[in-house]
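# Chains, contacts and geometry: an overview
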Amino acid sequence: MSKQTLVIVESPAKAKTIEKYLGTGYKVMSSIGHVRDLPKSNNDAVDIEGGFVPRYIVSPGKLKVIEGLQKAAKKVDEVLLASDPDREGEAIAWHVAELVKKHNSNLKRVAFNEITKDAVTEAITHPREIDMHLKEAQEARRVLDRLVGYDLSGLIWKKVRYGLSAGRVQSPALRIVMEREREIRAFIPEDYFVLTANLAQSKEVIPFTCIIEPKEEPEAERIKKIGEAHEWNIISVKESEAKRAPRPPFTTSTLQQTASTRLGFSPSRTMGAAQKLYEAGHITYMRTDSPALSAQAQKQIIALLHSDFGKDYVSPRTYKSKSKSAQEAHEAIRPTNFAKRSVGSTADQKALYELIWERAVASQMADAVLKRTKLLANVTNTTETIPDFAVNGSRVIFDGWLKVDTRARGEDTEVPKLHEGETLTCKKVDVEAKQTQPPSRYSEAGLIKELEKRGIGRPSTYASIMNTITERGYVTKEGRTLIPTDTGDVVSTFLEQHFADYISDDFTSEMEDELDDIATGERSYVKTLSDFYTPFQKAVRAKEDIEKLTTLGAGPKEFPCPLCGADMVKKLGRNGTFLSCSKFPDCVGARLIDGSEVKPDEPIGNHPETGEPIFVMNGRFGPYVQLGETPEKIKGKKQPAPKRASLPTGTKPADVTLEDAVKYLLLPRELGLHPKTDEPIMANTGQFGPYIAHAGDFRSLKGTDDPYTITFKRSLEILLEPKQLRKGEKLLKELGVNPKTKKLVNVYESKSGRYLKKGFKRIGIPDSMQTDDITLEVAIELLK
């Protein structure tokens, strides 16, 4: 009987692709990501005194996956661990090995930078041991981030507000955003004037711009008056050639930056599409800080350039990483087959692949050559002096690499062919008053570039940093711009005041370097963590007795307390900042941040059956009615929430009567348990009108159907009707109810490909994964 080998990868899509290449004698299975992690509770997560030993537990929902791998491992001669070629992949390989070694001790590690037949078969012939240095580097980062996050967050909960968080890398990122915001707030604009002389030569009028921008209006008017009163001469014509070199192939950060500026993709969207392209074998591994190309890839590109563009366009180049820590995969992100100009099953994948192909091919092409022209003109026949006026032109005379990367070209700006000494007539001098602008806020692309420049974070962390500071409510996104919130301001200010050293650029960057040194074996795991955590823990404990941050500074003088007339102070509430009386708790006067008065809620009446007061209130999700008073918070005790119900769409709070409120409080109604899922069917009304809901499946009620009177039987009829999907959307497969979220899980398809739904987000399904193979368990893992 021939030798049997089990190959374990972390992605189901990767498993399908690799199994195709290996053929008989090989079985390829997936761990579906990490199989073990630290427990959510921090009490038992890490044994600090025992040497920072992590106490791993099996990840939720992974028991069946592990049992399947163990069962398969018993039946084969050897097990090859083929997770991704970085620290995270090495850690996954180690965790799988720990769980499988009792069932088969013949375990080896294989790694490949691209999922092509040649790369996979080559890697299989060169198995190695698991690199414990790489595994420890990942473990150190995980343990360190957990300890720092929990310790800092716990302190912030006590001293600022419950529910806030901080982290080793997210907090420096937030600080950078806030530093820019403070620059913007402190910025004082200055006036200046832009002068444009419209000078005519025969019938053509050419706009020349003053090379000096006066700061005073009288000076601008003086220049205008002299310019319009005299003839002008060309006093200088300068022509020069300039070269533009191509950019290096993509690293993770430059791919995220370019996809943001050119395609409008967020970092997570970029990495999602790149992951699919990698798993399908179209590009090399997408987490890397090296711009280098392999000799084989370079040969492919040069052959293509000779064939398609000719030798004049060929200029082989070698790129090296400027980063001292190019610790991930050792090659740039590039296509695996340059003959393929367009690949991908979705619009996102196709657009991203096109970017990657263009950048990699252009990197081996000749410089573009530009002709730059600068004309200077000034008044003639006068003793009065004014600054020179200029017009600049630029045109491409040899396109070189711009022939492929056309979006980097820009527009040619031609200037008329004029000679020194030529006379021009001034038609008019325009004066435009302007003001200097504050520095721009960061975009996601700009912040990633800044983090990389300062040595904060690594390729695998940039997208998660952006997600974390957004999801925590520390910044909001307007278009591509990141704007810090009041909460973000407060958290960053607190950390800067009390932990400035630990969230500084130098400290964070040096910590990253030390983690890199663990990967190379130059530093030990225990010493690195101990050197950091011992003084850090001491610093946190030293802050236990500081006063709680109750105010954020004085409020505007024009808004005194509406009750006692005292000054107001700014405070942070769950819905942002507000103004509170400086005499609180003796005085409870409050205003919104815009100065409008906040009055205590008064009941509109009492419930006829219970006698409890009914209030009409406003919340984050719109107006609602509430039965009973809001209970006072008691530390350590969870209070029962009063019954609440949303107002029907279009109903104004001021128009709600006691009779209306009693009716609204009948909702939500439980109509009964669904016979197939045993999950309740609820009737309710919300932001988009009345509806019934079952396991995350929401159906609008129309016509005579009413949430207050609809029957259980009628709700089952509505749920049996085909759900109205978005235009172009198709339901492919019903998988069942997620036992954790109690929501239905289905597979959908549209022009952009197949996907699952998580709230309003779409979670793409790998191209190589067959719909028939997608079980509820697999879908739950994909949704994570």
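Residues numbered from 1 in each chain as written. Predicted model: local features only at pLDDT ≥ 70, side-chain atom pairs only at ≥ 80, totals over all residues. Heavy atoms only, no water.

A few words now on the pattern of salt bridges. Enumeration over the complete set of coordinates arrives at 49 salt bridges. For lysine 453, the salt bridge is made with glutamate 450, and the minimal N-O distance between the two is 3.7 Å. Taken together, the residues lysine 453 and glutamate 450, both in helix H12 (residues 444–454) and 3 residues apart, mark about one turn of the helix. Exposure remark for lysine 453: the relative accessible area of 65% places this residue in the exposed category. Each member of the salt-bridge network shares a partner with another, and the members are Arg175, Glu179, Glu450, Lys453, Arg454 and Asp505. (Salt bridge = Lys/Arg side-chain N within 4 Å of Asp/Glu carboxyl O. Helix = DSSP H or I, 4+ residues; strand = E, 2+ residues; numbered from the N terminus. Buried < 20%, exposed > 50% of the residue type's maximum accessible area, 1.4 Å probe, protein only.)

Along an α-helix, a turn takes 3.6 residues, which lines up residues three or four apart on a common side. Between its first and last C-alpha atoms helix H5 (residues 132–159) spans 40 Å; for 28 residues at 1.5 Å apiece the expected length is 40 Å, and the two agree. Its side-chain oxygen 3.0 Å from the backbone nitrogen of histidine 133, aspartate 131 forms the N-cap of H5. (Expected span 1.5 Å × (residues − 1). Polar contact = N/O pair within 3.5 Å; in protein donor to acceptor, adjacent residues only side chain to side chain.)

Spatial ordering of the closed barrel is given by E9-E10-E13-E12-E11-E14, a layout of 6 strands whose pairing is antiparallel. With direction set aside, neighbouring strand axes in the sheet form an average angle of 35°. Pairing between strand E11 (residues 232–244) and strand E12 (residues 368–379): 12 bridges, direction antiparallel. Paired with lysine 238 across the bridge in E12 is lysine 374. (Pairing = 2+ DSSP bridges. Axes fitted to C-alpha atoms, helices over the stretch in contact; angles between N-to-C directions.)

The next point concerns the sheet that holds strand E2 (residues 26–30). Strand order in the open sheet made by the 4 strands is E2-E1-E7-E8, with parallel pairing throughout. Unpaired on one side and paired on the other, E2 and strand E8 (107–109) mark the two borders of the sheet. Direction aside, the axes of adjacent strands within the sheet are offset by 25° on average. Across 5 bridges, strand E1 (residues 5–9) lies against E2 in parallel orientation. Residue pairing across strands places valine 7 opposite valine 28, the latter belonging to E2. Running at roughly 170° to E2, helix H1 (residues 12–22) makes contact with E1 and E2 of the sheet. (Contact = heavy atoms within 4.5 Å.)

Ranked by internal contacts, the top residues of the largest apolar core, which has 76 residues, are Leu447, Leu451 and Leu495. The element contributing the most residues to this core is H5, with 10 residues. In this structure leucine 447 touches Ala173, Ile176, Val177, Tyr442, Met466, Ile469 and Leu482, once residues within four positions along its chain are discounted. Ala259, Met286, Val361 and Val396 belong to the second-largest nonpolar core, a separate cluster that totals 55 residues. (Core = buried A, V, L, I, M, F, W, Y, C linked by side-chain atoms within 4.5 Å.)

This part takes up the packing of helix H10 (residues 295–308) against helix H11 (residues 347–362). Where H10 contacts H11, the axes come no closer than 10 Å and their chain directions differ by 85°. The orientation of H10 with respect to H11, classified from their angle, is roughly perpendicular. Along its contact with H10, which presents Ile301, Leu304 and Leu305, the element H11 presents Trp357, Ala360 and Val361. Taken together, the residues of the contact of H10 with H11 sort by class into 6 nonpolar, no polar and no charged. (Parallel < 35°, antiparallel > 145°, perpendicular 65-115°, else oblique. Nonpolar A, V, L, I, M, F, W, Y, C, P; charged D, E, K, R; others polar.)

A few words on the pairing of strand E15 (residues 475–478). As paired strands, E15 and strand E16 (residues 481–484) are joined by 4 bridges and run antiparallel to one another. Paired with threonine 476 across the bridge in E16 is isoleucine 483. As consecutive antiparallel partners, E15 and E16 are separated by 2 residues, and within that stretch glycine 479 has a phi angle of approximately 65°, a positive value.

Attention now goes to the side chain of histidine 694. Positionally, histidine 694 belongs in strand E27 (residues 689–694). Within polar-contact distance, the side chain of histidine 694 engages the side chain of threonine 677 at 2.7 Å. In this view, histidine 694 contacts His674, Thr677, Glu679, Pro680, Ile681, Leu719 and Leu744; residues no more than four positions away in its chain are not counted.

Here we come to a nonpolar patch on the surface. Nonpolar side chains collect at one region of the surface, where Leu563, Phe584 and Val588 lie side by side and expose about 330 Å² of accessible area between them. Its location among the elements puts phenylalanine 584 in the loop between strand E18 (576–581) and strand E19 (590–592). (Patch = residues over 30% accessible without salt bridge, like charges linked within 9 Å, V, L, I, M, F, W, Y side chains within 5 Å. Areas by Shrake-Rupley, 256 points an atom, 1.4 Å probe, with all protein chains shown as cover.)

A word on a negative patch on the surface. On the surface, Asp191, Glu216, Glu217 and Glu221 cluster together into a patch of negative charge. Looking at the element boundaries, aspartate 191 is found in strand E9 (residues 191–201). (Lys, Arg positive; Asp, Glu negative; His and termini not counted. Charge placed at Lys NZ, Arg CZ, Asp CG, Glu CD.)

Further remarks concern H1. Those residues of H1 lying buried are Pro12, Ala13, Lys14, Ala15, Thr17, Ile18 and Leu22. Residues of H1 that are buried in the fold lie against E1, E2, helix H4 (117–124) and helix H9 (267–279). Looking at where H1 begins, the residue whose side-chain oxygen comes 3.2 Å from the main-chain nitrogen of alanine 13 is serine 11. At the C-terminal side of H1, glycine 23 shows a positive phi close to 75°.

Quick look at the environment of arginine 142 now. Relative to the helices and strands, arginine 142 resides in helix H5. Classification of arginine 142 by relative accessible area gives partly exposed; the value is 28%. In this structure the C-alpha to C-alpha distance between arginine 142 and leucine 38, which are 104 residues apart in sequence, comes to 8.7 Å. Dropping the residues within four chain positions of it, arginine 142 is found in contact with Asp37 and Leu38.

Further remarks concern unusual backbone geometry. Looking along the chain, the bond that leaves phenylalanine 584 and enters proline 585 is cis, with omega of 15°. Backbone torsion omega between leucine 667 and proline 668 reads -5°, so that peptide bond is classified as cis. Mapped onto the elements, proline 668 comes out in the loop between helix H17 (658–664) and strand E25 (669–673). We note that isoleucine 32 has phi near 50°; this positive angle belongs to a residue other than glycine. The topology assignment puts isoleucine 32 in the loop between E2 and strand E3 (36–37).

This paragraph deals with the pairing of strand E29 (residues 730–737). Judged from the 6 bridges that link them, E29 and strand E30 (residues 744–750) form a sheet pairing that is antiparallel. Considered in E30, the bridge of leucine 731 is made with tyrosine 748. Taking the residues that link successive antiparallel strands as the turn, the E29-E30 hairpin has 6 residues, and the phi of lysine 742 there is positive, at about 60°.

Take the packing of helix H6 (residues 170–186) against helix H14 (residues 486–498) next. Interhelical geometry of H6 versus H14 gives an angle of 105° and a closest axis separation of 9 Å. Taken together, H6 and H14 sit at an angle that is classed as roughly perpendicular. Facing Ser171, Leu174, Arg175, Met178, Arg182 and Arg185 of H6, the residues of H14 in contact are Gly488, Asp489, Val491, Ser492, Thr493, Leu495 and Glu496.

Scanning all chains against the criterion turns up 16 aromatic pairs. A ring pair is formed by tyrosine 533 and phenylalanine 536, whose centres lie 6.2 Å apart and whose planes are at 40°; its orientation type is tilted. A residue pair is termed a helical-turn pair when its members lie 3 or 4 positions apart in one helix, as tyrosine 533 and phenylalanine 536 do in helix H16 (residues 525–542) at 3 residues. Comparing tyrosine 533 with phenylalanine 536 shows no difference in burial state: the two are buried. An angle of 20° between the planes, with centres 6.1 Å apart, marks the rings of tyrosine 748 and tyrosine 755 as stacked. Taken together, Phe52, Phe499, Tyr502, Phe507, Phe532, Tyr533 and Phe536 form an aromatic cluster joined through their ring pairs. Here lysine 135 stacks its cationic end above the ring of tryptophan 94, 3.9 Å away from the centre of that ring. The ring of tyrosine 442 has arginine 180 lying over it, and the distance from NZ or CZ to the ring centre is 4.3 Å. (Phe/Tyr/Trp six-rings, centres within 6.5 Å; stacked < 30°, edge-to-face > 60°. Lys NZ or Arg CZ within 6 Å of the ring centre and 35° of its normal.)

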